[in-house]
Amino acid sequence: MRIGSGYDVHRLVQGRKLILGGVEIPHTLGLLGHSDADVLLHAVMDALLGAAALGDIGKHFPDTAEEYRGISSIELLYRVSDLISKEKYSIINIDATVIAQRPKIAPYIARMRQNIADALQIDVRQVNVKATTEEGLGFTGAEEGIAASAVCLLNEI
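Just so we're clear, the structure is a prediction, and the values are computed from it rather than from any experiment.

Caption draft 1: Quick peek at helix H1 (residues 39-51). Across its 13 residues, H1 extends 18 Å between first and last C-alpha, which sits within 8% of the 18 Å expected from 1.5 Å per residue. Counting buried residues in H1 gives 12 out of 13 residues, a clear majority hidden from the surface. Taken together, the buried positions of H1 are Val-39, Leu-40, Leu-41, His-42, Ala-43, Val-44, Met-45, Asp-46, Ala-47, Leu-48, Leu-49 and Ala-51.

What follows is the structure in structure tokens.
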């Protein structure tokens, strides 16, 4: 059994869509990044890649590569799923947290969980997503950015 952890953060800016867990969430700001800047999926991918000792998303999908500009992080998660499978690992579970002052994430969590499960070809009961605020503290509390963390367990097949 192998454990992995992931963390990601992106700045909130005008003129971008807010996408978390593959779900477009109505908000006045969106996340800045080379891809769609989905911090939740980025943290999940880093956790999975870390558990399999395959590096991180920057190694596999560098932000200097034009082919990844604007790409959906769900598409990247499908690719990570393939990498994990080729290394003969199965996913036991994923537990992830989104840290954001606003918007409220709870109404979208079921869809996020299902998107992650679908991309990884696992049961939705193997995926947990939760959200918290930092009570107005730090960069997330000041609504300057959104962060996410994730942990996962893999098993060798």
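Caption draft 2: Looking closely at the sheet that holds strand S5 (residues 89-99). If you trace the 5 strands from one edge of the open sheet to the other, you get S4-S1-S7-S5-S6, paired in mixed fashion. On the outer flanks of this sheet lie strand S4 (30-31) and strand S6 (127-132), each paired with one strand and no other. Pairing of strand S1 (residues 2-13) with S4, which is carried by 2 bridges, proceeds in the antiparallel orientation. The residue of S4 that forms the bridge with Leu-12 is Leu-31. Its contacts with the sheet put H1 on S1, S4, S5, S6 and strand S7 (145-156), and the angle it makes with S1 is roughly 155 degrees. Contacting S5 and S6, helix H4 (residues 109-120) crosses the sheet at an angle of about 145 degrees to S6.

Caption draft 3: The arrangement of the environment of Asp-118 in detail. Residue placement: Asp-118 occurs in helix H4. By relative accessible area, which is 40% here, Asp-118 ends up partly exposed. Counting along the chain gives 57 residues from Asp-118 to Phe-61, while the straight-line C-alpha distance between them is 21 Å. Here Gln-114 takes part through its side chain, which lies 2.8 Å from a polar atom of the side chain of Asp-118.

Caption draft 4: Region of the structure containing a nonpolar patch on the surface. Side chains of Tyr-7, Val-9 and Phe-139 sit close together on the surface and give an oily, nonpolar patch of about 260 Å² of accessible area. The topology assignment puts Tyr-7 in strand S1.

Caption draft 5: Structural context of the nonpolar core. Counting residues in each nonpolar core, the largest one holds 52 residues, and the members touching the most others are Leu-20, Leu-48 and Ile-116. Contributing elements (two or more residues each) for this core: strand S2 (18-20), strand S3 (23-25), H1, helix H3 (73-86), S5, H4, S6 and S7. The dominant element in this core, judged by the number of residues it contributes, is H1, at 10 residues. Contact partners of Ile-116, with chain neighbours within four places excluded, come to Leu-40, Leu-41, Val-44, Leu-77, Ile-94, Val-127 and Val-129.

Caption draft 6: Summary view of the packing of aromatic side chains. Throughout the structure, instances matching the rule amount to 1 aromatic pair. Ring plane angle 80 degrees and centroid distance 5.5 Å describe the contact between Phe-61 and Tyr-68, whose orientation is recorded as edge-to-face. An identical accessibility class is assigned to Phe-61 and Tyr-68; each is buried.

Caption draft 7: Here's a closer look at the environment of Pro-107. Looking at where Pro-107 falls in the secondary structure, it is placed in the loop between S5 and H4. A relative accessible area of 63% means that Pro-107 is categorised as exposed. Residues Pro-107 and Leu-120 lie 13 residues apart in sequence; the distance between their C-alpha atoms is 22 Å.

Caption draft 8: Just the packing of H1 against H4, in detail. Relative orientation of the contacting elements H1 and H4 amounts to 40 degrees, with a least axis distance of 12 Å. Between H1 and H4, the angle is such that the two are oblique. As for how H1 packs across H4, the hand of that crossing is right-handed. Residue-level inspection shows Leu-40, Leu-41, Val-44 and Leu-48 of H1 in contact with H4, the latter providing Met-112, Ile-116 and Leu-120. Its residues placed into classes, the contact of H1 with H4 shows 7 nonpolar, no polar and no charged.

Rules and cut-offs
- Residues numbered from 1 in each chain as written.
- Predicted model: local features only at pLDDT ≥ 70, side-chain atom pairs only at ≥ 80, totals over all residues.
- Heavy atoms only, no water.
- Helix = DSSP H or I, 4+ residues; strand = E, 2+ residues; numbered from the N terminus.
- Expected span 1.5 Å × (residues − 1).
- Buried < 20%, exposed > 50% of the residue type's maximum accessible area, 1.4 Å probe, protein only.
- Pairing = 2+ DSSP bridges.
- Contact = heavy atoms within 4.5 Å.
- Axes fitted to C-alpha atoms, helices over the stretch in contact; angles between N-to-C directions.
- Polar contact = N/O pair within 3.5 Å; in protein donor to acceptor, adjacent residues only side chain to side chain.
- Patch = residues over 30% accessible without salt bridge, like charges linked within 9 Å, V, L, I, M, F, W, Y side chains within 5 Å.
- Areas by Shrake-Rupley, 256 points an atom, 1.4 Å probe, with all protein chains shown as cover.
- Salt bridge = Lys/Arg side-chain N within 4 Å of Asp/Glu carboxyl O.
- Core = buried A, V, L, I, M, F, W, Y, C linked by side-chain atoms within 4.5 Å.
- Phe/Tyr/Trp six-rings, centres within 6.5 Å; stacked < 30°, edge-to-face > 60°.
- Parallel < 35°, antiparallel > 145°, perpendicular 65-115°, else oblique.
- Left-handed = near helix turned anticlockwise from the far one by under 90°.
- Nonpolar A, V, L, I, M, F, W, Y, C, P; charged D, E, K, R; others polar.

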